[in-house]
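Residue-level listing of the chains:
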Amino acid sequence: MKQFTHIAETADYLEIQREKDLMIGFVPTMGALHEGHLALIKRSLQENDITVCSIFVNPIQFNNNNDLANYPRTLSQDLKMLESCGCDVVFFPDTAEMYPDGETISFGLNFGTLDKVLEGQFRPGHFNGVAIVVKKLFDIVQPTHAYFGKKDFQQLAIIKHMVYAMGIPVEIIPCETIREVDGLAMSSRNTRLSPAERKLASGIYQTLLNVREKIGKTPVPELKEWAVKKIEENDGFRVEYFEIVDQESLMPMEDWTSRDRAVALVAVFVGDVRLIDNIELFS
Ligand code: PAF
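Residues numbered from 1 in each chain as written. Predicted model: local features only at pLDDT ≥ 70, side-chain atom pairs only at ≥ 80, totals over all residues. Heavy atoms only, no water.

1. Points about the site of the ligand
Item 1. Neighbouring residues of the ligand: Pro 28, Thr 29, Met 30, Asn 58, Gln 61, Val 133, Asp 152 and Gln 155.
Item 2. Within the contact set of the ligand, an oxygen atom lies 2.6 Å away from a side-chain nitrogen or oxygen of Gln 61.
Item 3. Gln 155 places a side-chain nitrogen or oxygen 2.7 Å from an oxygen atom of the ligand.
Item 4. Contact with the protein chains covers 89% of the free accessible surface of the ligand, which is 290 Å².
Item 5. When its residues are assigned to classes, the shell around the ligand shows 3 nonpolar, 4 polar and 1 charged. (Near = heavy atom within 4 Å. Polar contact = N/O pair within 3.5 Å; in protein donor to acceptor, adjacent residues only side chain to side chain. Areas by Shrake-Rupley, 256 points an atom, 1.4 Å probe, with all protein chains shown as cover. Nonpolar A, V, L, I, M, F, W, Y, C, P; charged D, E, K, R; others polar.)

As structure tokens, this is what we get:
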């Protein structure tokens, strides 16, 4: 596995691969890798000639310094995991390499309502930071395919919009959320839960499954209220939002008229750990 920390050497190496007409699959990550990331890497390995993974904890997408400081960093373990699953290239720059001028510019791309709702309401600037780093990484790697998990449903929508609006020549491949045996969506943040919190956290997905059973039967506002109550029955759980939205515009639904486009999304504080999850209600 080739390991690079500098932009120029990564771009030069991949330029040579592109000249051989190879398909390049790309999995951007912030490290603290788990089976969810490995599923993206494995899919990319199957569908491309070369798979590139990036590991970079992107400071400008954190709107909370505590969250940035506490984000798990497990580089040497990550490198071992990537090596053993057959990843071809890993790029792990430091902050000065990615943002030499300490850049905090605004991206200037209009995401319409996509970045105003859900996460956008509670994490101002988050998607601007995500879009900036993903665009930079796409410029460096110039992948033919890029793999993103559906757990970050809104992030996926933002990236698809950016690629379309800017005409970036990459195919975005959405991948199913990988879950623990008890249903909890895999996340690097799960390692910060106490054993008791970890046990209760599976209730988030159970509630999403219950919500799916109730579509069309319970009115949307009532169902949202029910879901929030159900999750907050667990000690120390606080729901930041629970929304049922249109899968493309991400605008909240008031009734079930377009139920075949409905997705339920939730953000929950478990102690001071913020978890997100979602379920496609139409599938
Ligand atoms: O999903 C993530 O891990 C990050 O938001 C991403 C896409 C790697 C950008 O920093």
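2. Description of the environment of Asn 210
Item 1. With respect to the helices and strands, Asn 210 occurs in helix 9 (residues 195-213).
Item 2. For the pair formed by Asn 210 and Leu 223, sequence separation is 13 residues and the distance between their alpha carbons is 9.8 Å.
Item 3. With residues up to four places along the chain from it excluded, the contact list for Asn 210 reads Trp 226 and Lys 230. (Helix = DSSP H or I, 4+ residues; strand = E, 2+ residues; numbered from the N terminus. Contact = heavy atoms within 4.5 Å.)

3. What to know about the packing of aromatic side chains
Item 1. As enumerated under the stated definition, the model contains 6 aromatic pairs in all.
Item 2. Seen from their ring centres, Phe 56 and Tyr 99 are 6.0 Å apart, and the 50 degrees between their planes marks the pair as tilted. Here Tyr 99 lies in the loop between helix 5 (95-98) and helix 6 (119-122) and Phe 56 lies in the loop between strand 3 (50-55) and helix 3 (65-70), a separation of 43 residues in the sequence.
Item 3. Residues Phe 138 and Phe 148 carry aromatic rings whose centres are separated by 6.5 Å and whose planes lie at 80 degrees to one another, so their mutual orientation is edge-to-face. On the criterion of sequence distance, the pair formed by Phe 138 in helix 7 (residues 126-141) and Phe 148 in strand 5 (residues 145-149) is long-range, its members being 10 residues apart. Comparing Phe 138 with Phe 148 shows no difference in burial state: the two are buried. (Phe/Tyr/Trp six-rings, centres within 6.5 Å; stacked < 30°, edge-to-face > 60°. Buried < 20%, exposed > 50% of the residue type's maximum accessible area, 1.4 Å probe, protein only.)

4. Some words on the pairing of strand 7 (residues 237-246)
Item 1. Judged by how many residues are buried, strand 7 sits mostly within the fold: 9 of 10 residues are covered.
Item 2. Looking at chain direction, strand 7 and strand 8 (residues 262-270) are connected through 9 bridges and run antiparallel. Each residue of the ladder has a partner; that of Tyr 241, found in strand 8, is Ala 267. (Pairing = 2+ DSSP bridges.)

5. Describing helix 9
Item 1. Between the first and last C-alpha of helix 9 there are 29 Å, a value that for 19 residues agrees with the 27 Å anticipated at 1.5 Å per step.
Item 2. The complete set of buried residues in helix 9 reads Ala 201, Ser 202, Ile 204, Tyr 205, Thr 207, Leu 208 and Val 211.
Item 3. Of the surrounding secondary structure, the elements contacted by the buried residues of helix 9 are helix 10 (220-232), strand 7, strand 8 and strand 9 (273-280). (Expected span 1.5 Å × (residues − 1).)

6. Digging into the side chain of Gln 154
Item 1. Note that Gln 154 resides in helix 8 (residues 153-166).
Item 2. For Gln 154, a relative accessible area of 3% corresponds to the buried category.
Item 3. Among the polar contacts made by the side chain of Gln 154, one reaches the main-chain carbonyl oxygen of Val 117 at a distance of 2.9 Å.
Item 4. For Gln 154, the residues in contact, after removing those within four places along its chain, are Leu 114, Asp 115, Val 117, Leu 118, Glu 119, Gly 120, Phe 127 and Leu 250.

7. Some words on the side chain of Asn 190
Item 1. Within the element layout of this structure, Asn 190 appears in the loop between strand 6 (171-175) and helix 9.
Item 2. Residue class for Asn 190 comes out buried when judged on its relative accessible area of 10%.
Item 3. Beyond its immediate stretch of four places on either side in the chain, Asn 190 contacts Leu 184, Ala 185 and Leu 275.

8. Things to note about the environment of Gln 142
Item 1. Position of Gln 142 relative to the elements: it lies in the loop between helix 7 and strand 5.
Item 2. With relative accessibility at 41%, the residue Gln 142 sits in the partly exposed group.
Item 3. In the structure, Gln 142 is positioned 108 residues away from Leu 250 in sequence and 28 Å away in space, judged by C-alpha atoms.
Item 4. In contact with Gln 142, not counting residues within four places along its chain, are Arg 18, Ile 24 and Leu 137.

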